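Results of the structural survey
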Amino acid sequence: MLNYDIVIVGGGPAGLAAAVSAKRNGAESILVLERDKELGGILNQCIHNGFGLHTFKEELTGPEYAQRFIDQLLEENIAYKLNTMVLDISQDKVVTAMNRQEGILEIQAKAIVLAMGCRERSRGALNIPGYRPAGVYSAGTAQRLVNMEGYLPGREVVILGSGDIGLIMARRMTLEGAKVKVVAELLPYSGGLKRNIVQCLDDFGIPLKLSHTVVDIKGKERVEGIVLAKVDENKKPIPGTEEFYSCDTLLLSCGLIPENELSRELGVEMSPVTSGPLVNESLETNVEGVFACGNVLHVHDLVDFVSQEAQAAGKNAAEYVMYGKKEGGQDIPIVTTQGVRYTVPKTMNLQRMEEKHVIRFRVGDVYKNCYVSVYLNDERIIHRRRPVVAPGEMEQVELKKEQLMAYPALQEITVKIEEE
């Protein structure tokens, strides 16, 4: 049995930032477990720039951003194992993992940080009719094929879903010489960042069709074309609106799902909205000493926010190992209503919170000329005007401890969107 203070599951941006932060905050022995053959996670295939503006105040590519944290990990002499798959985490924090060199490993941890990231929604989850020909890929798989393996998946492309990966792959496929015919989106708004719509679609003249979906895939051996149809407000295809597009490739960018099989088996309580763990202000789950951060917790729009969150999780895990769980205070629920879908964290304990705490959340629709409001019980303390809020962009509000301590009878914190 190996013994470590903190075991971090996942060596992507969240796992790396959590490991470095834990070490710098006093944790002695830390082990990062990564199932891939290199550290850096999904950033290794994100060769476009736009990363690191918040963290490093400069524009980096994905691999450059990852390398900054890998360098910090090596400077701090933090142990890591590659090609190592975590199979199980027990309630008493024993991690069972395996790799080719050592076989089955059992590692006793004092604290665990879950940083497994997320995966793409597959075709099977989308219920698109038609045969199963070659040429249907998730956008992330196509990104890996183009950027890391050196293969071009196809020459004539249709993309379903306007998430950030889909938008970026529209530009990438165009730059590699493919013809992107159209990007179709089921919802009446895009799921990606506004800057990606401008830089990846508008700049290359690629049409974006909102409230459209693929209703048929033509071809038996290889994709020969797809049929798009407009959908009504219930997301049902409208008969008579079908359009045929000839193509040899269909890329799916239809949402990301946090990778939480291990968390569920451990008994971590999950959010039905994010499909990630429910956490308190320390990013700790309902299983004591188990923390979560990054895209395994909720899907982020910017990797800089993943790193910030992971640094907090690493610091809190280190403090838990050194001092145990801080007792006292009550967990005050954060209530979401009027357009706010969820918040991270879900509860706040005033005894344990830092002097300032950032609450991150996403909205469920596009709201224009609105206000982001926070209420303590029935009293409004934040009322911030926003020209537009959209589901594709993560929002945040900052709460100050002294503000909250001024309400001794605080029962709930409410976050909502208020129209004019």
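Heads up: the structure comes first, above all this text.
Let me begin by describing the structure that accompanies this report.

Thresholds applied
Residues numbered from 1 in each chain as written. Predicted model: local features only at pLDDT ≥ 70, side-chain atom pairs only at ≥ 80, totals over all residues. Heavy atoms only, no water. Helix = DSSP H or I, 4+ residues; strand = E, 2+ residues; numbered from the N terminus. Buried < 20%, exposed > 50% of the residue type's maximum accessible area, 1.4 Å probe, protein only. Polar contact = N/O pair within 3.5 Å; in protein donor to acceptor, adjacent residues only side chain to side chain. Contact = heavy atoms within 4.5 Å. Phe/Tyr/Trp six-rings, centres within 6.5 Å; stacked < 30°, edge-to-face > 60°. Lys NZ or Arg CZ within 6 Å of the ring centre and 35° of its normal. Expected span 1.5 Å × (residues − 1).

**A closer look at the side chain of S253**
Here S253 lies in the loop between strand 17 (249–252) and strand 18 (256–258). Taking relative accessible area as the criterion, S253 reaches 8% and is therefore assigned buried. Within the local environment of S253, its side chain forms a polar contact with the backbone nitrogen of G166, the two atoms lying 3.1 Å apart. What S253 contacts, discounting residues up to four positions off in sequence, is A139, L160, G161, S162, G163, I165 and G166.

**Quick look at the packing of aromatic side chains**
Within this structure, the stated rule accounts for four aromatic pairs. Relative to F69, the ring of Y65 lies with its centre 5.5 Å away and its plane at 45°, an arrangement referred to as tilted. Of this pair, Y65 and F69 both sit in helix 2 (residues 62–75), four residues apart, which is roughly one turn of the helix. Residue Y65 is classed as buried on the basis of its relative accessible area of 0%. Summarising the aromatic geometry, the rings of F291 and Y320 are spaced 6.2 Å apart at their centres and angled 70° between planes, so their arrangement reads as edge-to-face. Taken as a pair, F291 in strand 19 (residues 290–292) and Y320 in helix 7 (residues 303–323) lie far apart in primary sequence, 29 residues in all. The burial state of F291 is the same as that of Y320; both residues are buried. These aromatic residues form a ring-pair network of at least three members: F56, Y65 and F69. A cation over an aromatic ring shows up here: R68 above the ring of F56, its NZ or CZ 5.0 Å from the ring centre. Residue placement shows K416 over the ring face of Y375; its charged tip is 4.4 Å from the ring centre.

**Digging into the side chain of N316**
Examined against the element boundaries, N316 turns out to sit in helix 7. By relative accessible area, N316 is classed as buried at 12%. Among the polar contacts listed, one links the side chain of N316 to the backbone oxygen of S282, at a separation of 2.9 Å. If sequence neighbours within four positions are ignored, N316 has contacts with E281, S282, L283, F291 and E354.

**With respect to helix 1 (residues 13–24)**
With 12 residues, helix 1 should reach 16 Å at 1.5 Å per residue; the first-to-last C-alpha distance of 17 Å fits that figure. Taken together, the buried positions of helix 1 are occupied by P13, A14, G15, L16, A17, A18, A19, V20, S21 and A22.

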